Each structure stands twice: as C-alpha cells, then as structure tokens.
Amino acid sequence: MKKHNFYAGPSIMPQYTVDKTAEAIKELDNTGLSVMEISHRSKEFDQIIKEAQQLFKDLLDIPDGYHVLLLGGGASTQFLMVPYNFFNKKAAYLNTGNWAKKAIKEAKFFGDVDVVASSEDKNFTYIPRDYKVPGDADYFHITSNNTIYGTELKEDPDVNMPLIADMSSDILSRPVDVSKYDLIYGGAQKNLAPAGVTFVIVKEEALGKVDRPIPTMMDYQTHIKKESLFNTPPVVPIYSALQTLKWVKQQGGVEGMNKINNEKARMMYEEIERNKLFTPNIEHEQDRSIMNVTFVMNDDYKDLEKEFLDFATERGMIGIKGHRSVGGFRASLYNALPKESVQALIDVMQEFENKKA
Ligand SMILES: *Cc1c(COP(=O)(O)O)cnc(C)c1O
C-alpha cells in the first residue's frame, strides 16, 4: 500500500533527493567511490558543498556580505552558538513554543533574557503580535514556524536591532527577506536533508561584537574562515541537501514552493473546518502554519481519537499523531509532500466522517 508520510521530522524528502543520494551512496559520479567514502577535502566534495551554498544563496536571494554555513550539531547547538556570538548584556526572545523555550533556556546561561511576549497562556495556539522589543537588547530571537503547535510567523518582523530566527521547519517553503536578519539557522531534517546537517545564514559584519573569548567550534568566524570545513562536516547529508536545493529550483524556487504549499495548506484547513468531526487547533488564520497543520477531534467525538488514528494508519497515513503536548493530530505538509498525499488524507477524513457523523 502507498504510504503518505506526514512525519514532523525527520520527514519526507523529495524522491529526487532519495534517488540521487541512493545512487551516490553506491557510487558518486563515476569516481569509483561512495559519497560516504570521500574526503571532505577532496575536489569532489569541495564542488558539492560550494554548489549547495551557492544554490542556497540563489534560492533565497541572499545579499552580499552573508555566508551560508553547513555545520553539524543541529538547531539545538545554535541555541547556544547564537548567544556565544551575539550576547553582551541582554537578549530579547519571543516565546512561541517548545523550541523557543529551549533557545531561551540556553541564552539564560549568558545573562539577562527579556521574553518580550509569550503565547504559553493558551498552550502556544497563537503568535503574539502586540509587543515591544527593548531598545537595549543585543538581538531579538524568533522561531518562525512552531513545528509542534502549528503556528507560523509568516512576515519578517521589522526591528531596530539584529534579528535572529530559527527557521528549522519552514526554510525554503516561502520567500524570506534575508536582509532583515543578521542570522537564520535550522536543522535540515524537515525541509532540506537527512538529519545531521545544520544551515546557518549569517551576516559577517554582525559578528565580532562581543567581548568574551569564544571557544573555537562555537565561533561563527571559525566556520566562515574555514568555509564550513574547520572540522569534518556531515558529508552525506550535505550531498542530499544539494539535491533538495536543485529540486526546489526545479519547482520554481521558493516562490513556486510557496504557491504549492499554500494550496496544500488551504485544502487541509478547509477540510478540517468543513468536516463535522474535526476542528483546527489554531483559531486565527493568520497564525496557522502552512507546514504543520494541527487539529483535534470536536468535543462530541473526542473518544474517537484513537479509532481515527488507527483508521488512518490502516489506510497508509503515517505520522499524523499530534505531539504529546498538544494531542490530536498533526499533518506536516513539508515541501516534499505531494498534493496527492494531502488529498489522500482528506479522503480518509471524509470516509471516517461518513461512518461516524
Ligand atoms: C526540529 C526543530 C528543532 C530541533 O532541531 P535539532 O536539529 O533536532 O536540534 C529546533 N527548532 C525547530 C523550530 C524545530 O522544528
């Protein structure tokens, strides 16, 4: 039976990425070697990483003066690398969910953290809009897409200080005005590549403004100077990232992706609102994520949750169980998820409704 992969991360990759990586694991471009077996200092890998960085720049229209780093450690390591490199006296954070909280926790090791607004009072079901960022903060940190709760900040905020964003789960899903940010980072395992590689887009001139000595691996300038080859980077995931970037380009770039993503999300939310059994977890349309659609069973049908999950799983829907802190269901509609999978889930929801409502 065909499986429809709605996992939140690691998650579905473009078939192109899977196929190209599978081939290269057998043999990379007639080199007689697997991509797993080549030196990160080889000319073959040099070409791979440079092309990936250049495509990243082209696709997101990244201005001059920015670097694209491909590192290890995951987004969670960025939670501390950011304050190492940007935190002097005080930092401002927007608390929109579990990942934001984890970033805040690490920043607190460095000093005073001003949480300018939080949606924790309603279990992170909205994006706070009325807040003021203190003028004396060293930077303002946001999480653009809240993977667990299904909210997304779709506009790039205007602030008069360095803006830093965790875009782990919506990178390459829509255009971003990179010039508004001093740094954007994320783990790869949602929209880019298998787990293991972390992307960092950083404005060089924003660095070097803290007094503390920074341990070598934690210092962005190390990785800029050594062009992401200070230590051994995750070679195979970087190869896969390159394939995904090529695929995104074939889809019409981030504008093309955004169009398809909006359409998939619209179909999904429309069905949730129409279907008698379900209701969206996020009330306001402007806050709803186009990547992670969260929904719950209506009050009258709450006891059918487990039954629906089994029903859907039996029909090939994989990974739609909601995160334990939200409950209900979550359908992750990342770039690589085809519209047919969204339609397949909708069909299953309708089939279940016909049986139960
Ligand atoms: C998945 C995720 C993370 C965690 O990434 P790791 O690479 O596992 O450290 C952080 N932030 C967001 C928004 C995520 O979706």
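Anything mentioned here points back to the structure above.
What counts, and at which threshold
In this numbering scheme, every chain counts its residues from 1 along its sequence in written order. With pLDDT at 70 or above as the cut-off, local features in this predicted model cover only qualifying residues; side-chain atom pairs require 80 or more to be listed or tallied, and sums for whole chains, interfaces and linings still use all residues. Hydrogens and water are ignored here; the side-chain numbers use all heavy atoms of the structure. What counts as a helix is a DSSP run of H or I of at least four residues, what counts as a strand is a run of E of at least two, and both are numbered from the N terminus. C-alpha atoms define the radius of gyration, and 2.2 Å times the number of residues to the power 0.38 defines the globule rule. Working definition: with a 1.4 Å probe on protein chains only, accessible area under 20% of the residue-type maximum means buried, over 50% means exposed, and in between means partly exposed. Contact criterion: two residues are considered in contact whenever any of their non-hydrogen atoms come within 4.5 Å of each other. At least two bridges found by DSSP between two strands is the condition for calling them paired. To obtain an axis, a line is fitted to C-alpha atoms, over the contacting stretch when the element is a helix, and the angle between two such axes runs from 0 to 180 degrees between their N-to-C directions. A helix's residues, less one, multiplied by 1.5 Å, set its expected span.

1. With respect to the overall build of the chain
(1) Moving on: When you go through the chain residue by residue, the secondary structure sums to 9 helices and 14 strands.
(2) Moving on: Relative to its length of 357 residues, the chain is compact, with a C-alpha radius of gyration of 21 Å against a globular reference of 21 Å.
(3) Moving on: In terms of overall dimensions, the chain has C-alpha extents of about 60 × 55 × 30 Å along its principal axes.
(4) Moving on: Within the chain, buried positions represent 57% of all 357 residues.
(5) Moving on: Residue pairs at least 24 apart in sequence account for 68% of intrachain contacts in the chain once pairs closer than 6 positions are excluded.

2. Quick look at the sheet that holds strand 4 (residues 112-118)
(1) Moving on: An order of 2-10-9-8-5-3-4 is seen for the 7 strands of this open sheet, with the pairing classed as mixed. The outermost strands of the open sheet, each flanked by one partner alone, are strand 2 (66-71) and strand 4. Across this sheet, the average inter-strand angle for adjacent strands is 20 degrees, counted without regard to direction.
(2) Moving on: When strand 2 meets strand 10 (residues 198-203), the two strands line up antiparallel, connected through 6 bridges. Counterpart to Leu 70 in the pairing with strand 10 is Phe 199.
(3) Moving on: The sheet contacts of helix 2 (residues 43-60) involve strand 2 and strand 10, and relative to strand 2 the element is tilted by about 130 degrees.
(4) Moving on: Sheet strands in contact with helix 3 (residues 74-86) are strand 2, strand 3 (90-95), strand 8 (163-166), strand 9 (183-187) and strand 10, and its direction is about 155 degrees off that of strand 9.

3. Quick word on helix 6 (residues 235-250)
(1) Moving on: Given a rise of 1.5 Å per residue, 16 residues ought to cover 22 Å, and the 23 Å separating the end C-alpha atoms of helix 6 matches this to within 8%.
(2) Moving on: Most of helix 6 is tucked away, with 13 of its 16 residues classed as buried.
(3) Moving on: Just beyond helix 6, the residue with positive phi is Gly 252, at close to 95 degrees.

By themselves, these are just geometric observations and shouldn't be taken as functional.
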